[in-house]
There are 4 protein chains.
Amino acid sequence: MMENWELDLQPYKQAVEELKVKLRSLREQYQRSSRHTPIEFVTGRVKPIGSIEEKAKRKNIPLRELEQRMQDIAGIRIVCQFVTDIDTIVDMIRSRKDITIINERDYIKEKKSSGYRSFHMVIDYPVHTIKGTKHILVEIQVRTMAMNFWATIEHSLNYKYRGEIPDDIKERLYRASEAAYNLDEEMSKIQGEVREAQSIIALRQGEHRTSFKNG
Amino acid sequence: MMENWELDLQPYKQAVEELKVKLRSLREQYQRSSRHTPIEFVTGRVKPIGSIEEKAKRKNIPLRELEQRMQDIAGIRIVCQFVTDIDTIVDMIRSRKDITIINERDYIKEKKSSGYRSFHMVIDYPVHTIKGTKHILVEIQVRTMAMNFWATIEHSLNYKYRGEIPDDIKERLYRASEAAYNLDEEMSKIQGEVREAQSIIALRQGEHRTSFKNG
Amino acid sequence: MMENWELDLQPYKQAVEELKVKLRSLREQYQRSSRHTPIEFVTGRVKPIGSIEEKAKRKNIPLRELEQRMQDIAGIRIVCQFVTDIDTIVDMIRSRKDITIINERDYIKEKKSSGYRSFHMVIDYPVHTIKGTKHILVEIQVRTMAMNFWATIEHSLNYKYRGEIPDDIKERLYRASEAAYNLDEEMSKIQGEVREAQSIIALRQGEHRTSFKNG
Amino acid sequence: MMENWELDLQPYKQAVEELKVKLRSLREQYQRSSRHTPIEFVTGRVKPIGSIEEKAKRKNIPLRELEQRMQDIAGIRIVCQFVTDIDTIVDMIRSRKDITIINERDYIKEKKSSGYRSFHMVIDYPVHTIKGTKHILVEIQVRTMAMNFWATIEHSLNYKYRGEIPDDIKERLYRASEAAYNLDEEMSKIQGEVREAQSIIALRQGEHRTSFKNG
């Protein structure tokens, strides 16, 4: 790695595709089984080549060590409605036999000073290529819709200011993170009601149930 | 309509599929052109048969008048980051020649008493079937991520209580809608910064740009 | 055209995506309506940049005239079981209001000296971009599975020899085109039987019908 | 099995989805690596409920033994250009660690009396469900485009006559199978040329290479 980027990134793309199919299938199973589904939606991406190069330079990682040391080349994001869903998802990932957990970081119990909240896991996932089995590191981020909204904005600003966001913007951003946190708090309060409600919906609609999220 | 549901709903499904492809393509064009993209994601669904029947009964609509009188059998939802993006999207839809606007309802300027906010449009969209051209009504909902989060929850509760949500739950739900509103307000304040930031990102990454939302 | 290839080819990609969705939907409608479906599968592609440049050079087309003079930048292929299905598909395309036929070439009645058989149509298709409506030329090829198999092979050989296939290979290829023609002839003979059979299948399986081609 | 069909068939659907993603990824890898790709396209399906019930009745299989004894509830089909590609694909499947081969049947060396040709494998494939790991039987069929064309027609006729095709139709069908065989033979003769040609194409087009089959 990484002489021919397209070729080298192919197994990362494959890992992302396979994990998206697997996790979205779990989502569908929850829906069909008339239980609250802890997975609102699943997205995935392979880090753009430009971002890999920039990060390698910034963190001083030689290209030949990228596979071991850059743990977010392949990324999966699982977004859920409630903060408590995050535990359910993390437990479910831990119990899978096709995935090995490498490390975990809980930025919800200990949020970053910026206001960032999310649960991160780095996993080892084997893919079968035309040259044999290859082990790929994948970063999985688990977060609520409110955390996700905020993080999208923070990501843009961080990029703009190359990590050096001016103090006034930082402050505004932190206040927005509090608004996101409050939204999660209010949602938690009505969660019991909602969980019960969603089981009833699933039962009533049976397999005719479709939803905007199936897009 | 509606003797053979699967057959009768087929053109609705087709309209939803075509509009999803068309609107997602706009999203991609914004991204490639290095401008802030007012479209975060697009989803669509055909109303489940059970829900159509229930609504027809509740609103006293005979089945043969469904096509004209039930305007949300086909539904498209466009979700964006900022409240001001909603105007951009609405203008863009109004200017398309493949779509005729039937009516509009602005539940953002005048939110519902429940706390519900969104911009609704009902459009006439022609699809080509094996029996010729057919005009389909489609409801388009345009909202921010925060409005969307809240509406998802409210929908579940409304369903559970068949439109008769108890007062204490209603109150909690209303407080959550205020938290969602506050999040939108905070986001608006940093919007100018973010817009500028996103153009820079798009320019830097060029066509290597990928994103979790492309999933 | 064509300073920024990615941006310039975007509307072509959009046209291909929209037409694939529209034509595949017709296929599904035929299946659901218990009639023989004249569409076996639909594929589409935007011509690779390298091939556009090569062809422009070979045919002496200035880049600024590409949009008008290179008619196969966007390509759609419709593959069917029987030779007579081709007429059905061509008539159906001619009758659509969202498509304007620019020209047609019938390489089935008059096959090329190479053995190539297919029905070609060039159409004008309008797409809505963020800069307004844009008219795109799209080449539609209609052919049987046997014609398609042969054409795939011929395309590879033509490419290899840059249009100058040696005489012995040409002869072999011509014999293979006769084998493909014979397969189409044998299929035509049992076609009446098959058509009837397929309607019965569709009726029996009702909406549970799935097929490998839906992939 | 099988009280709630939708729920019971869910893991079969999941197995089919995962295998399609995995096998299509191999196809893409071959293309990018500038080698002849032995995989033309991959399709998959879960057997329709009606067909499962009919077959269970005909073969006298009690519903509770379906999972073990009906080996084609989940089906994957891999279609290739040349007869020799079939061996390549079979070897590749045998060497995968995420798949266990249960049995193989070579209807190419020994074609059926009807004229049917294909290579069949039944595999054991584990899927992770919300209730834990579940082992699913999947039938994989490997065949050329000509074999596939013929088999599609034969399937329809067999269905129509419930396995009792009249002798005159049988004869026509057998002649068509010979025409399909001849097409494969002619293709084999120019195969060496084509293989070489395709590597050159892949090299020239590099990652700009797209193809109608990617549809």
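Residues numbered from 1 in each chain as written. Chains lettered and ligands numbered in written order. Predicted model: local features only at pLDDT ≥ 70, side-chain atom pairs only at ≥ 80, totals over all residues. Heavy atoms only, no water.

Convention followed: UniProt positions are given in the numbering used here, feature names are shortened, and annotations may be inferred rather than shown by experiment.
An unreviewed UniProt entry lists chain A under the name GTP pyrophosphokinase, from Geomicrobium sediminis. Quoted straight from UniProt, the Pathway (unreviewed entry) entry for chain A says "Purine metabolism; ppGpp biosynthesis; ppGpp from GTP: step 1/2."

Re the relation of the copies chain C and chain B
Applied cut-off: Here the copies were fitted onto each other by least squares, based on C-alpha atoms from residues at pLDDT of at least 70 in both. Any two residues having at least one pair of non-hydrogen atoms within 4.5 Å are treated as being in contact.
Laying chain C over chain B is done by rotating through 180° and shifting 0.0 Å along the axis; what remains is an RMSD of 0.0 Å. The superposition operator between the copies reduces to a two-fold rotation axis. Across chain C, the rotation axis passes nearest the C-alpha of Glu18 of chain C, at a separation of 3.3 Å. Here 100% of the contact residues of chain C are again contact residues in chain B; the copies associate through an equivalent surface.

With respect to unusual backbone geometry
All names here are of chain A. Defined as follows: Helix numbers and strand numbers start at the N terminus; a helix is a DSSP run of H or I with at least 4 residues, a strand a run of E with at least 2. Each residue is placed in one exposure class: buried if its accessible area under a 1.4 Å probe, protein chains only, is under 20% of its type's maximum, exposed if it is over 50%, and partly exposed if it falls in between.
Phi at Asn60 takes a positive value of approximately 60°, unusual for a residue other than glycine. Mapped onto the elements, Asn60 comes out in the loop between helix H2 (49-58) and helix H3 (66-69). Taking the relative accessible area as the measure of exposure, Asn60 reaches 62% and is therefore exposed.

Side note on the sheet that holds strand S4 (residues 119-129) of chain C
All names here are of chain C. Operational definition: Any two strands with at least two DSSP bridges between them are considered paired. Fitting a line to C-alpha atoms yields each axis, with helices limited to the stretch in contact; the angle taken between N-to-C directions then spans 0 to 180 degrees.
Here five strands make up an open sheet; going across it, the order is S1-S2-S5-S4-S3 and the pairing mixed. The outermost strands of the open sheet, each flanked by one partner alone, are strand S1 (41-46) and strand S3 (100-106). Mean inter-strand twist for the sheet, computed between neighbouring axes without regard to direction, equals 25°. Across six bridges, the pairing between S1 and strand S2 (residues 74-80) is antiparallel. Of the residues in S2, the one forming a bridge with Val46 is Ala74. The strands touched by helix H5 (residues 145-160) within the sheet are S1, S2 and strand S5 (132-144), with S5 carrying the most contacts at an inclination of about 105°.

A closer look at the interface of chain C and chain B
Rules: Here the quantity called buried area is the accessible surface, traced with a 1.4 Å probe, that two parts lose on coming together, added over both. What makes a salt bridge here is a side-chain nitrogen of Lys or Arg within 4 Å of a carboxyl oxygen of Asp or Glu, nothing more. In the scheme used here, Gly and all other residues not listed as nonpolar or charged are polar, with Ala, Val, Leu, Ile, Met, Phe, Trp, Tyr, Cys and Pro taken as nonpolar and Asp, Glu, Lys and Arg as charged.
Facing the 25 residues of chain C at the interface are 25 residues of chain B. Considering only the side of chain C, the residues that lose the most area to chain B are Gln29, His128 and Ile130 of chain C, jointly responsible for 27% of the buried surface there. Taken together, the connections running from chain C to chain B amount to two salt bridges. For Glu28 of chain C, the salt bridge goes to Lys13 of chain B, with nearest N and O atoms at 2.7 Å. Of all the secondary structure elements, the ones that give two or more residues to the side of chain C that touches chain B are helix H1 (5-32) and S4 of chain C. With 15 residues, the single largest contributor to the side of chain C that touches chain B is H1 of chain C. Of the residues in the side of chain C that touches chain B, the class split is five nonpolar, eight polar and twelve charged.

Some details on the sheet that holds strand S3 (residues 100-106) of chain D
Residue and element names in this part refer to chain D. The mixed open sheet is built from five strands, whose spatial order is S1-S2-S5-S4-S3. The open sheet is flanked by strand S1 (41-46) and S3, the only strands paired with a single partner. Mean inter-strand twist for the sheet, computed between neighbouring axes without regard to direction, equals 25°. Here helix H5 (residues 145-160) sits on the sheet and contacts S1, strand S2 (74-80) and strand S5 (132-144); the angle it forms with S5, its principal contact strand, is near 105°.

Describing helix H6 (residues 167-189) of chain D
Selection rule: Multiplying 1.5 Å by the helix residue count minus one yields the expected span of that helix.
An ideal rise of 1.5 Å per residue puts 33 Å on 23 residues; H6 of chain D measures up with 33 Å between its terminal C-alpha atoms. Of all the positions in H6 of chain D, only Ile169, Leu173, Ala176, Ser177, Ala179, Ala180, Leu183, Asp184, Glu186 and Met187 of chain D are classed as buried.

Here we look at the pairing of strand S4 (residues 119-129) of chain D
Residue and element names in this part refer to chain D. Across the eleven residues that make up S4, a large majority, ten, are buried. With six bridges joining them, S3 and S4 adopt antiparallel strand pairing. Paired with Asn103 across the two strands is Val122, which belongs to S4. Direction of pairing for S4 relative to S5: antiparallel, over a ladder of eleven bridges. The residue bridging Ile123 from the neighbouring strand is Val138, located in S5. Hairpin connection between S4 and S5: a loop of two residues separates the two successive antiparallel strands.

Section: the pattern of salt bridges
Under the defined criterion, the tally for this structure stands at 58 salt bridges over all chains. Put simply, Asp98 of chain C and Arg96 of chain C hold a salt bridge, and the shortest N to O gap is 2.9 Å. For Arg96 of chain C, a relative accessible area of 7% gives the class buried. Linking Asp91 of chain D and Arg94 of chain D is a salt bridge whose minimum nitrogen-to-oxygen distance equals 3.0 Å. Residue Asp91 of chain D and its partner Arg94 of chain D are located together in helix H4 (residues 83-94), separated by three residues, close to a single helical turn. Residue Arg94 of chain D is classed as partly exposed on the basis of its relative accessible area, which comes to 42%.

Describing the environment of Ile39 of chain D
All names here are of chain D. For Ile39, the location among the structural elements is in the loop between helix H1 (5-32) and S1. The exposure class of Ile39 is buried, given its relative accessible area of 0%. C-alpha of Ile39 to C-alpha of Val142: the two residues are 103 residues apart in sequence and 9.5 Å apart in space. Setting aside its immediate chain neighbours within four residues, Ile39 contacts Leu23, Leu26, Arg27, Ile78, Val79, Ile89 and Met92.

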